[in-house]
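Observations on the three-dimensional arrangement
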Amino acid sequence: MERTPLRLLITNPKKYSELVRELRKRGVPLSDKHGIVVRDQDLGEDLLSAIGGLVALSLGKRYFEEISVGIDTNTSNKLTAVVVGDGEILEWARTNLESVYDYVRTALRIYPHKKHVVGIGAGNVLGLAVFERLHPYLKEVKLVNESRTSRRNVFLNGNYPEDVIAGYNIAMRAL
C-alpha cells in the first residue's frame with residue numbers, strides 16, 4: 001500500500017528530530033510542501049503512541065485491524081522480530097531472548113489496533129524458549145511452523161534481509 005507523505009509542523013526541535021528519525025526508520029515519507037499536516041497538538045503526551053498513529057495515518061488508517069508480530073528464531077540467541085499491520089511491514093528489529101518481551105510489548109503499545117497475535121518460529125529450541133518467555137504475559141502467542149519461511153515473498157516491496165522475510169512470513173502464518 002502506498003504511504004501518504006506527512007508534513008511535520010512541530011515547534012519543539014528535539015521532538016521534531018525524534019519524530020523524523022522514528023518515522024524514517026518505519027518508512028514513512030516526509031515532505032516540506034505537501035501531505036498530511038501534523039502539528040504539535042496532534043501528538044499528545046506519549047510520543048511513541050503518536051508515532052504509531054502517524055504510521056497508520058500515512059497508510060490512510062486511524063488504526064490497524066490486526067497487528068501480527070513474527071519472530072524468526074535464528075541461532076545463538078539472535079531473534080528477528082517483524083511487526084506487520086494489516087499485511088504491511090511496519091518495522092523490524094534484531095533482538096535477543098532477554099529483551100524480546102520488552103520489544104513486543106512496546107510494538108503492541110505503539111500501533112493502534114483492534115486485535116493482535118504473536119507468531120514464533122518453532123524450528124529450533126530457541127523458539128520454544130521465546131514462547132515460554134512470552135506466553136505468561138501475552139495471550140495471543142502461537143508457535144508457527146517456519147518451514148520455507150525464508151523464501152522470497154512477492155507481496156513484499158523492497159529488499160529485506162532473509163530473516164526479515166522469514167519473520168514476515170511467520171507473522172502472516174500466525175494469523
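Residues numbered from 1 in each chain as written. Predicted model: local features only at pLDDT ≥ 70, side-chain atom pairs only at ≥ 80, totals over all residues. Heavy atoms only, no water.

**Here's the deal with helix 1 (residues 13–25)**
The terminal C-alpha atoms of helix 1 lie 18 Å apart, and with 13 residues this matches the ideal 18 Å at 1.5 Å per residue to within 8%. The complete set of buried residues in helix 1 reads Leu19, Val20, Glu22 and Leu23. Buried residues along helix 1 sit in contact with strand 1 (6–9) and helix 2 (47–58). Looking at where helix 1 begins, the residue whose side-chain oxygen comes 2.9 Å from the main-chain nitrogen of lysine 14 is asparagine 12. At the C-terminal side of helix 1, glycine 27 shows a positive phi close to 75°. (Helix = DSSP H or I, 4+ residues; strand = E, 2+ residues; numbered from the N terminus. Expected span 1.5 Å × (residues − 1). Buried < 20%, exposed > 50% of the residue type's maximum accessible area, 1.4 Å probe, protein only. Contact = heavy atoms within 4.5 Å. Polar contact = N/O pair within 3.5 Å; in protein donor to acceptor, adjacent residues only side chain to side chain.)

**What to know about the pattern of salt bridges**
If you walk through the whole model with that rule in mind, you get eleven salt bridges. Residue arginine 3 is joined to glutamate 88 by a salt bridge in which the shortest nitrogen-to-oxygen separation is 3.3 Å. Separated by 85 residues along the polypeptide, arginine 3 in the segment before strand 1 and glutamate 88 in strand 5 (residues 88–95) bring together distant segments of the chain. Take arginine 3 and glutamate 88: they sit in the same class, and that class is buried. Note that glutamate 66 and lysine 115 form a salt bridge whose closest N and O atoms lie 3.4 Å from each other. In this pair, glutamate 66 is assigned in strand 3 (residues 64–73) and lysine 115 in strand 6 (residues 113–121), connecting sequence segments 49 residues apart. Each of the salt bridges in this network shares a partner with another, and the network as a whole consists of Arg21, Glu22, Lys25, Arg26 and Glu91. (Salt bridge = Lys/Arg side-chain N within 4 Å of Asp/Glu carboxyl O.)

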